[in-house]
Amino acid sequence: MAQPNDQSKSLKEQLWDPVAGFGVTFRTMFKKVVTEQYPFEKMPTAPRFHGRHQLNRWPDGLEKCIGCELCAWACPADAIYVEGASNDESANGEGRFSPGERYGRVYQINYLRCILCGLCIEACPTRALTMTNEYELADNNRTDLIYEKSDLLAPLLPGMEQPPHAMLLADDDAAYYRGEFSAPAPAPTTAGDA
Amino acid sequence: MTVSTPSTGSTGGSAEMDRTDLVTLTIDGVQVSVAKDTLVIRAAEQVGVQIPRFCDHPLLAPVGACRQCLVDIPDAGNGRGFPKPQASCTLPVAEGMVVNTQATSEVADKAQQGIMEFLLINHPLDCPVCDKGGECPLQNQAMSNGRGESRFSAGGGLKRTYPKPINISAQVLLDRERCVLCARCTRFSEQIAGDPFIALIERGALQQVGIYEREPFDSYFSGNTIQICPVGALTSADYRFRSRPFDLVSTPGVAEHDSCGAAIRIDHRRGRVMRRLAGNDPEVNEEWISDKDRFAFHYATEPDRLGYPQIREDGELRPASWPEAFAVAARGLQAAGATGVLTGGRVTAEDAYAYSKFARVSLGTNDVDFRSRPLSAEEAAFLAAEVVLRSEVTYADLESAGTVVLAGLEPEDEAATIFLRLRKATMHGTTRVVAIAPYATRGLTKMSGHLLRTAPGDEAAALEALVEHAEHGVDSTAVILVGERLATAPGALSAAVTLARRTGARLAWVPRRAGDRGAVETGCLPNLLPGGRPVADPAARVDAAAEWGVDHLPDAVGRDADQIVAALVSGELGGLVVGGVDPDDTSDPAATRAAIAAASFVVALELRETDVTRAADVVFPVAPVADKAGTFVTWEGRPRPFDAVFSSPSSLPDLRILAGIAEELAALGHGSPLGFRTVVEARAEMEQIGPWDGERASLDGLETAPHTPSTTGHALAAWKLLVDNGTMQDGDKAYRATGRFPVARVSAATYDAHGATLTLTGDRGSVTLPAEVADLADDVVWVPANSGGRGVLADLASPGSRITVTGGNA
């Protein structure tokens, strides 16, 4: 490569320009820093950020998921695997996980495949599946990125009871879906009473 | 995604219809000529217009129940039109008729949308949890021919609701809210299966499918109603909520439970069979299968399924690698000396061929028999002379035959597809069924059949008598179907042959098990080599030896299964290679167990752990039919090839295992290898060998032991019910519960003498059963052969022996 000919450059080009760039550096020293100190400081996401999924519960603790697999059907990445099963309605509610006939016995989301597009959320007929703002979906092995139902279920809030148990809010599932249940959940009972 | 079997066109009119019978009409402006009496809905299919429908089914009589198929007919062929839209599923075509479907007519489209709106008024919105969701004609047609919005719900209407779901049998669940009252299930039960235990009851909005409280819907064909239900009103307890249609991969298959070769569709998800449906094969099973073919598939996934080879070391079985097990089996068989081979009747034709060749080429013996049931030398001779290589009778022939004689065969229990064909033929009034049986069974009654009451053992005389009696119509148009049970009636098979020869009637042998006919064709018999080559014929032996590239084949006719058992007990045979044989099925279960214990070396090829594998020295797990390709040969002689559903590297077909042992034996200087390792190679070799074109074995000169009826006690008649305790029906409680309750059937006189509970005592034990009166002879008792305990042969009596009947509990 031929050296540029210094003879053709003006005095400004020779003396001022090489130091002018440091001015940008100097000015920036007095501006507010944009760097986020992740993971030491976590910034909140946008409120409707598509993060990790959650399987919601009715106020009495029963699962909203009915195992219909519409989420799996809607999923463009084939990341969701569901197996339905029949709620056992015979034995005093001891086999009931959701109102109605059917519940999701197996529910897995593979976060290696999930593109967090939210089509599953749109497909869910019972609003059982929603997305949280949690975005920390990384791990050092593939197996742990397949989230099981136990990983995805919403935590039990006060007043909720761990399924399986009978329908506590209403007599039939249709009332649950229509929201026709007495709003406050019954007084919490200790597990094992049933 | 979902792949369905290619439909081979059972719809539409008969293609061979005479040209002069064609009727020309105009559908949506397109002229089409169809056979006379074709329904408009099918004529429209010919021009490519799909009229929505629920109640219409090509194999059921038209009923016009759902009204979804309304079309506009401006000209009915007489110049005048119908003032209102007409149901195209009940309307035959007429010359010059003009039909406008929803494709071109506003009137038809509006009418269809109106009907759909009516149907949806009370239909629940539970598609997400409904098993039919995704493959539902109502869903699909509501999308294609319905209105987007419901005026009923928008107007605040309340749907009619019912408690969900109710059991109409142990297996079939009914969700009345979802029913659109198309009457497909009730029409199927009445017209096809002949079990009219469900009917439409009540009227108006409360109309529903109901059962008689005292008669549960225990039909052997109830699963078909689930399949043809156009909504999710009928579901099975077995498949309920197990998967959705879009999860399933479908593979066509062949039912492995009987010799009918019914086409099925196997729907599987992630390496597990979820359900099985009837395939559509107009030449064989049309669109129907029995519940056994539909629901009995869990046996292959039972926990006692064998997963790896085992060898016995210091008296205990321990896991072994495949090569080690092959080597140990070969060394053991070589040390054991003379070896017999029992294959069982469940093998595919390719596996049977491997057993047959393994016995001849590797073990150098003709001691091979597929019959794991009561048998006779007469039967082996009959199979060699009259059955192998012959396919004279087909399902279509059953429909065109003037008379069908059933001997030693109860089609409803033992060959369900034959039963449905015969019932169809008798309903048309073209065919008459004559049964040589101990009593008029439910199946025979449903076929309006004629009973020739015959005590077990007297079948030969009854068949002989048929020649003399012209009123039974046994002539050259007749078909004689003989079951495998006829082997236990001395002279009966010969009598059937004589009857066929003298009347010109065609004869067919209907075994119970799927592999039996294929095993006959491939020579799993002591007197037959593959392709129908008689062992006794030197030319046939030379031919087979040349094809196999061996110097010579054993020339003496071998031992049959009973003789193999006897020879093992006496020590004449040392080794035994045994396939899927349940000792309790054999003519002497105790002797078979003793033989397995007495044998110095037993190689067992089994799917699941059994008494045989527990006693064996080397155990090989074999592939269930879902894991291997193969061919079943139906009772007609029709090959029914099928492909593997799953590919599992640890699940090998029998022929691969036999090839492995044969190679090790050859390395030890014993026989030669089989020369094939895969199903494809075995098929190619079978094709190359081909059928024997020389002289067939003959039945002439066969001496049968004369039947000397004993007069003491009662004669025992028994056969296996369709749903019973067979090991291939394990794993589905709901299915088992649909079986008929085991009872002992006796004559009214015996019932009066001994009461409602009978204790039957034979030479092998005694059995207590509730009694039921049937039109039996006074000295005959009928019991189900395998519906309690270990089965009749193990618990009660030897074949052909007499039993004593006493009242009450023993």
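Residues numbered from 1 in each chain as written. Chains lettered and ligands numbered in written order. Predicted model: local features only at pLDDT ≥ 70, side-chain atom pairs only at ≥ 80, totals over all residues.

With that settled, consider the overall build of chain A. A count of helices and strands for chain A gives 7 helices and 5 strands. Over its C-alpha trace chain A gives a radius of gyration of 28 Å, far above what one expects of a compact globule, namely 16 Å for 194 residues. When the backbone C-alpha atoms are referred to their principal axes, chain A occupies close to 100 × 35 × 30 Å. Of all 194 residues assigned to chain A, the portion counted as buried reaches 25%. Contacts spanning at least 24 positions in sequence make up 74% of the contacts within chain A whose residues lie at least 6 apart. (Helix = DSSP H or I, 4+ residues; strand = E, 2+ residues; numbered from the N terminus. Rg over C-alpha atoms; globule rule 2.2 N^0.38 Å. Buried ≥ 20, exposed ≤ 12 C-beta atoms within 10 Å, placed from the backbone. Contact = placed C-beta atoms within 7 Å.)

When helices and strands are tallied, chain B shows 26 helices and 35 strands. Taken against the 2.2 N^0.38 rule, which gives 28 Å for 810 residues, the C-alpha radius of gyration of chain B at 29 Å falls within 12% of a compact globule. Overall, the C-alpha framework of chain B stretches about 85 × 60 × 55 Å when taken along its three principal axes. Looking at chain B as a whole, 56% of its 810 residues are labelled buried. Across chain B, every contact between residues at least 6 apart in sequence was considered, and the portion connecting residues at least 24 apart equals 71%.

Residues and elements named next belong to chain B. Ordered in space as 2-1-5-3-4, the 5 strands form an open sheet in which the pairing is mixed. Each end of this open sheet is capped by a strand with a single partner; those strands are strand 2 (30-35) and strand 4 (86-87). Pairing geometry for strand 1 (residues 22-27) and strand 5 (residues 98-100), over 2 bridges, is parallel. Note on strand 5: the bridge partner recorded for I27 is V99. (Pairing = 2+ DSSP bridges.)

If you look at the biggest cluster of nonpolar residues, it comprises 247 residues, and the most contacted ones within it are V405, A407, I480, V482 and A496 of chain B. Top element by residues in this core is helix 9 (residues 349-362) of chain B. It accounts for 8 residues. Beyond its immediate sequence surroundings of up to four residues, V482 of chain B is in contact with A407, G408, L409, L493, A496, L507, W509 and V510 of chain B. Judged by nonpolar contacts, the second largest core, of 28 residues, contains L129, L168 and Y176 of chain A together with V129 of chain B. (Core = buried A, V, L, I, M, F, W, Y, C linked by C-beta atoms within 7 Å.)

This part is about the environment of A623 of chain B. All names here are of chain B. Looking at the secondary structure, you find A623 in the loop between strand 27 (618-621) and strand 28 (630-633). When the C-alpha positions of A623 and F295 are compared, they lie 19 Å apart, and in sequence the two are 328 residues distant. In this structure A623 touches K628, S651, L652 and P653, once residues within four positions along its chain are discounted.

A separate point is helix 5 (residues 184-193) of chain B. Along an α-helix, residues three or four positions apart point the same way, because every turn accommodates 3.6 residues. Residue and element names in this part refer to chain B. Along helix 5, 8 of the 10 residues are buried, which leaves the element largely enclosed by surrounding structure. Here helix 5 has its buried residues at R184, C185, T186, R187, F188, S189, I192 and A193. The inward-facing, buried residues of helix 5 abut strand 8 (198-201), strand 9 (208-211), helix 6 (222-228), strand 10 (234-236) and helix 13 (416-428). After helix 5 finishes, the residue G194 shows a positive phi value of roughly 75°.

Every contact between the two is made by 13 residues of chain A and, on the other side, 8 residues of chain B. Mapped by element, the contributors of at least two residues to the side of chain A that touches chain B are helix 4 (70-74) and strand 2 (80-86) of chain A. When residues in the side of chain A that touches chain B are grouped by element, the largest group, 3 residues, is from strand 2 of chain A. Broken down by class, the residue content of the side of chain A that touches chain B amounts to 6 nonpolar, 4 polar and 3 charged. (Nonpolar A, V, L, I, M, F, W, Y, C, P; charged D, E, K, R; others polar.)

Residue and element names in this part refer to chain B. Read across the sheet, 5 strands follow the order 20-19-18-21-22 without closing on themselves; strand pairing throughout is parallel. Strands at the two margins of the open sheet, each flanked by one partner only, are strand 20 (450-453) and strand 22 (506-510). Sheet twist, expressed as the mean angle between neighbouring strand axes with direction ignored, is 20°. Bridging between strand 18 (residues 403-407) and strand 21 (residues 479-483) involves 4 bridges; their strand directions are parallel. Pairing of L406 across the sheet is with L481, part of strand 21. (Axes fitted to C-alpha atoms, helices over the stretch in contact; angles between N-to-C directions.)

What follows is about the packing of helix 10 (residues 377-387) of chain B against helix 16 (residues 492-503) of chain B. A pair of packed helices is characterised by two quantities: the angle between their axes and the separation of those axes. All names here are of chain B. Orientation of helix 10 relative to helix 16, taken along the N-to-C sense of each, is 30°, at an axis distance of 9 Å. One way to sum up the angle between helix 10 and helix 16 is to call them roughly parallel. Mapping the contact onto sequence places E378, E379, F382 and E386 in helix 10 and L493, S494 and V497 in helix 16. The class makeup of the residues in the contact of helix 10 with helix 16 is 3 nonpolar, 1 polar and 3 charged. (Parallel < 35°, antiparallel > 145°, perpendicular 65-115°, else oblique.)

Residue and element names in this part refer to chain B. Burial in helix 18 (residues 538-548) covers these residues: A540, R541, D543 and A544. Looking straight down helix 18, one finds its buried side chains confined to an arc of 160°; they lie on one side. Facing away from the buried side of helix 18 by more than 90 degrees, the exposed set consists of P538, A539 and A546. Where helix 18 is buried, its residues touch strand 23 (528-529) and strand 24 (533-534). (Arc of directions from axis to C-beta.)

What follows is about the packing of helix 8 (residues 322-336) of chain B against helix 22 (residues 654-667) of chain B. Residues and elements named next belong to chain B. Where helix 8 contacts helix 22, the two axes come as close as 8 Å, and the packing angle between them is 60°. The angle between helix 8 and helix 22 falls in the class oblique. Considering only the axes of helix 8 and helix 22, their crossing is right-handed. Facing W322, F326, A327, A329, A330, L333 and Q334 of helix 8, the residues of helix 22 in contact are G660, I661, E664 and L665. Partitioning the contact of helix 8 with helix 22 into residue classes produces 8 nonpolar, 2 polar and 1 charged. (Left-handed = near helix turned anticlockwise from the far one by under 90°.)

For the rest of this paragraph, the subject is the confidence of the model for chain B. All names here are of chain B. With 96% of its residues at a pLDDT of at least 70, chain B reaches an overall mean of 92. Per-element mean pLDDT across chain B ranges from 85 in helix 4 (residues 151-154) up to 97 in strand 27. Every residue in residues 1-17 is under pLDDT 50, and counting partners more than four places away or in other chains gives 34 contacts. Scored as a whole, the predicted complex attains pTM 0.91, and scored at its interfaces, ipTM 0.86. (pLDDT = per-residue confidence, 0-100.)

Another point: the pairing of strand 32 (residues 757-762) of chain B. Residues and elements named next belong to chain B. Across the two faces of strand 32 the burial differs, with L758, L760 and G762 buried and T757, T759 and T761 not buried at all. As paired strands, strand 32 and strand 33 (residues 765-773) are joined by 6 bridges and run antiparallel to one another. When the sheet's bridge partners are listed, L760 is paired in strand 33 with V767. Connecting strand 32 to the next strand, strand 33, in antiparallel fashion are 2 residues. Here strand 32 pairs with strand 35 (residues 802-807) via 4 bridges, running antiparallel. Opposite L758, over in strand 35, you have G807 as the bridge partner.

On to unusual backbone geometry. Residues Y38 of chain A and P39 of chain A are joined by a peptide bond in cis, for which omega reads 5°. Put simply, P163 of chain A and P164 of chain A share a cis peptide bond, and its omega is 10°. Tracing the backbone through its elements, the reader meets P164 of chain A in the loop between helix 6 (149-152) and helix 7 (173-178). With phi around 60°, L181 of chain B is a residue other than glycine that occupies positive phi space. Take L181 of chain B: it is sitting in the loop between strand 7 (172-174) and helix 5. By C-beta crowding, L181 of chain B is classed as partly exposed, having 18 other C-beta atoms within 10 Å.

The predicted model of chain A has a mean per-residue pLDDT of 88, with 90% of residues at 70 or higher. In this model residues 188-194 of chain A is a low-confidence stretch, pLDDT under 50, and it forms 9 contacts with partners more than four residues away in sequence or in other chains.

This next bit is on the pairing of strand 15 (residues 316-319) of chain B. Residue and element names in this part refer to chain B. Of the strand pairs in this sheet, strand 14 (residues 310-313) and strand 15 are connected by 4 bridges, and their pairing is antiparallel. The residue of strand 15 that forms the bridge with R312 is L317. Count of turn residues in the strand 14/strand 15 antiparallel hairpin: 2 residues, of which D314 carries a positive phi of about 55°.

Time to look at the environment of P526 of chain B. All names here are of chain B. The residue P526 is located in the loop between helix 17 (516-521) and strand 23 in this model. Between the C-alpha atom of P526 and that of G690, which follows or precedes it by 164 residues, the distance is 19 Å. Those residues in contact with P526, other than ones at most four positions away along the chain, are N366, D367, V368, D369, A380, V557, G558, R559 and D560.

A separate point is the environment of H428 of chain B. The topology assignment puts H428 of chain B in helix 13. The sequence separation of H428 of chain B and E399 of chain B amounts to 29 residues, and the corresponding C-alpha distance is 8.9 Å.

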